[in-house]
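Coordinate analysis (summary)
Each chain is listed here by its residues.
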Amino acid sequence: MRRKIPSMQSLLCFESAAKHASYTHAALELSMTQSAVSRQIQQLEEFLDIQLFTRTRHGMELTIAGTQYYAAIKPHLLGLEKSTQEVMAHKGLGGTLKLGVVPTFATRWLLPKLHVFNTRYPEITIHLETSTKPFLFHEQMFDAAIYAGTEQQIEHWPSIQAHFLMHEDVIAVCSPSLILKHFPNAEKLTPYSYHLNPEQVTQLPLLQQTTRPTIWQEWFQAHRIDHPKADEGQRHELFSMLAVAASHSMGVALIPQMLIEQELKNQTLVIASSSPLPSNRAYYLVHSSQAPSTILSKFVDWIQHEVKAISNFTPVDTQAQE
């Protein structure tokens, strides 16, 4: 059965005219005459049986229906252009994977490891865009996403398949100078960790995460401490921002250890307390419930292998903290 789709030429003319609010500018962009652009849009209006433009004293203006149609077709035209560029560039031997990634995980964990994937699969190009909220794959141009959230959030995310990566257990970290300022006689358990008890942590300034405003209250409650100022202190949105603030002695922060391995190695941050806060949040790789492409399957296998590798070995001796 013939699909009810207008001609590509008419769609391109409409998209250009809508973008510039001018048939003249559309004609220049498409290397056509103005009358040819006008005929293509007239044919599109006849096909749709709606008026897309109205004439005003200042030129052409989209109707309400035209505005809606322009917003609807624009991402699909961009997608067609992207797919065409990719098949031309890769000659069918590889492709591009577009990932939505939570910001700090992207910069602190994924990007430093992507060279391994690039070496193994040079024919695959990965594009990363930060994304902190769930989205619908049929509405956004992502192939997959790495998302931090709860199991309940994953269960209520429609039409997706999720691959568990790792839990987001957080630990209390700060600069070594902040500990020595408040506790001059504090001794290190390892080169990158102290063992302050929860009562001692109450004496340090706290750094808060904007998106998780109760995280310190949860930490103190888990250790049966009533801290009346558990919700006070500087607030920052991202774990990466908390790490910078903590390394400059502004306070103690709760951050997943996997995101600050470099700071722990060079000792700009140290573990203040060896008592983690088990989290109900975790990192997941999610994609459409449809069967994944070969490219996406390769990435899923690779990242699961990397997660397994760090679960078996970490440069920070967690056994020394127990």
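- As annotated in an unreviewed UniProt entry, the chain is LysR substrate-binding domain-containing protein from Acinetobacter tibetensis.

Remarks on the overall build of the chain
- Each helix and strand counted, the chain has 13 helices and 14 strands in total.
- A total of 322 residues make up the chain; the buried ones form 45% of that total.
- Contacts in the chain between residues far apart in sequence, at least 24 positions, make up 72% of those at least 6 positions apart.
- Of the roughly 17800 Å² of accessible surface on the chain, 53% is carried by carbon and sulfur atoms.

A few points about the packing of helix H1 (residues 8-20) against helix H3 (residues 34-48)
- With their axes 8 Å apart at the nearest point, H1 and H3 run at an angle of 110° to one another. In terms of orientation, H1 and H3 fall into the roughly perpendicular class. Judged by residue contacts, Gln9, Ser10, Leu11, Cys13, Phe14 and Ala17 of H1 engage Val37, Gln40, Ile41 and Leu44 from H3.
- Here the residues of the contact of H1 with H3 are counted per class, giving 7 nonpolar, 3 polar and no charged.

Remarks on a nonpolar patch on the surface
- Residues Met8, Leu12 and Leu80 make up a contiguous nonpolar surface patch of roughly 250 Å² in combined accessible area.
- Relative to the helices and strands, leucine 12 is located in helix H1.
- You can call leucine 12 partly exposed: its relative accessible area is 33%.

Considering the nonpolar core
- Among the nonpolar cores identified, the biggest contains 65 residues, and Phe105, Leu110, Trp216, Tyr283 and Phe299 are the most heavily contacted of them.
- Leave out the neighbours within four places in its chain, and phenylalanine 299 touches Leu97, Leu99, Leu110, Leu114, Phe117, Ile126 and Leu285.
- One finds Ala18, Phe53, Met60 and Tyr70 within the second-largest nonpolar core, a separate group that totals 18 residues.

Details of H3
- A rise of 1.5 Å per residue sets the reference length of H3, with its 15 residues, at 21 Å; its end C-alpha atoms lie 21 Å apart and thus fit the reference within 8%.
- Along H3, the positions that sit buried rather than exposed are Ala36, Val37, Gln40, Ile41, Leu44 and Glu45.

A word on the packing of H1 against helix H2 (residues 23-30)
- Here H1 crosses H2 at 125°, and the two axes come no closer than 8 Å. Comparing the axis directions of H1 and H2 gives the class oblique. Read as a crossing pair, H1 and H2 show a hand that is right-handed. Contact residues: Leu12, Cys13, Ser16, Ala17, Lys19 and His20 in H1; Tyr23, His25, Ala26, Glu29 and Leu30 in H2.

Quick word on the environment of isoleucine 271
- In this fold, isoleucine 271 is placed in strand S13 (residues 270-277).
- When the C-alpha atoms of isoleucine 271 and proline 176 are compared, they prove to be 8.8 Å apart, with 95 residues separating the residues in sequence.

Describing unusual backbone geometry
- Even without being a glycine, serine 159 presents a positive backbone phi close to 60°.
- Here serine 159 shows up in the loop between helix H7 (151-155) and strand S6 (160-167).
- Overall, serine 159 belongs to the exposed group, its relative accessible area being 55%.
- Unusually for a residue other than glycine, arginine 224 sits at a positive phi of about 60°.
- Relative to the assigned elements, arginine 224 resides in the loop between helix H10 (215-222) and strand S11 (235-236).

Details of helix H11 (residues 239-247)
- Of all the positions in H11, only Phe239, Ser240, Leu242, Ala243, Ala245 and Ala246 are classed as buried.
- Note on H11: the residue one or two positions beyond its end, serine 249, has a positive phi of about 65°.

Here we look at the pairing of strand S14 (residues 281-288)
- Most of S14 is tucked away, with 6 of its 8 residues classed as buried.
- In terms of strand pairing, strand S5 (residues 144-150) meets S14 through 7 bridges, oriented antiparallel. Across the sheet, isoleucine 146 pairs through a bridge with leucine 285, a residue of S14.
- Relative to S14, S6 is paired through 7 bridges, and the arrangement is antiparallel. Bridging across to S14, histidine 167 finds its partner in alanine 282.

Structural notes on the pattern of salt bridges
- Evaluated as defined, the whole model comprises 6 salt bridges.
- Close ionic contact of arginine 212 with glutamate 168 constitutes a salt bridge, the shortest N to O distance being 2.6 Å. Of this pair, arginine 212 sits in the loop between strand S10 (208-209) and H10 while glutamate 168 sits in the loop between S6 and strand S7 (170-174), and the two are 44 residues apart along the sequence.
- A relative accessible area of 12% means that arginine 212 is categorised as buried.

A closer look at the sheet that holds strand S3 (residues 95-101)
- Across the sheet, which stays open at both edges, the 5 strands sit in the order S4-S3-S5-S14-S6 with mixed pairing between neighbours. Strands with a single pairing partner mark the edges of an open sheet, and in this sheet they are strand S4 (124-130) and S6. Adjacent strand axes in the sheet meet at a mean angle of 25°, parallel and antiparallel pairs treated alike.
- Each of S3, S4, S5, S6 and S14 is contacted by helix H5 (residues 103-110), which is oriented at about 120° to S3, the strand it contacts most.

Reading the values: the criteria
- In every chain, residue numbers begin from 1 and rise along the written sequence.
- Where totals are concerned, whole chains, interfaces and linings use all residues; where local detail is concerned, this predicted model gives features only for residues with pLDDT of at least 70, and gives and counts side-chain atom pairs only at 80 or more.
- Hydrogens and waters are ignored; side-chain quantities use all the structure's heavy atoms.
- A helix here means a DSSP run of H or I that spans at least four residues, while a strand means a run of E at least two residues long, and both kinds are numbered starting from the N terminus.
- In this scheme, a residue with accessible area under 20% of its type's maximum is buried, one over 50% is exposed, and one in between is partly exposed, where area comes from a 1.4 Å probe on protein chains only.
- By definition, residues are in contact when any of their heavy atoms lie within 4.5 Å.
- Throughout, the Shrake-Rupley method with a 1.4 Å probe supplies accessible areas, and for residues the shown protein chains are the sole cover considered.
- As a rule, the C-alpha atoms of each element are fitted with a line to give its axis, helices using only the stretch in contact, and angles between N-to-C directions run from 0 to 180 degrees.
- For classification, angles of less than 35 degrees are called roughly parallel, those exceeding 145 degrees roughly antiparallel, those between 65 and 115 degrees roughly perpendicular, and all remaining angles oblique.
- Three categories are distinguished: nonpolar for Ala, Val, Leu, Ile, Met, Phe, Trp, Tyr, Cys and Pro, charged for Asp, Glu, Lys and Arg, and polar for the others, with Gly belonging to the last.
- Patches in this entry comprise residues that are over 30% relatively accessible and not in a salt bridge; like charges within 9 Å are linked, as are nonpolar side chains (Val, Leu, Ile, Met, Phe, Trp, Tyr) within 5 Å.
- Here, a salt bridge means any Lys or Arg side-chain nitrogen found within 4 Å of an Asp or Glu carboxyl oxygen.
- What we call a nonpolar core is a set of buried Ala, Val, Leu, Ile, Met, Phe, Trp, Tyr and Cys residues that are connected through their side-chain atoms within 4.5 Å.
- Multiplying 1.5 Å by the helix residue count minus one yields the expected span of that helix.
- The sense of a crossing depends on the near helix, which, turned anticlockwise from the far helix by less than a right angle, makes the crossing left-handed and, turned clockwise, makes it right-handed.
- If DSSP finds at least two bridges between two strands, the strands pair.

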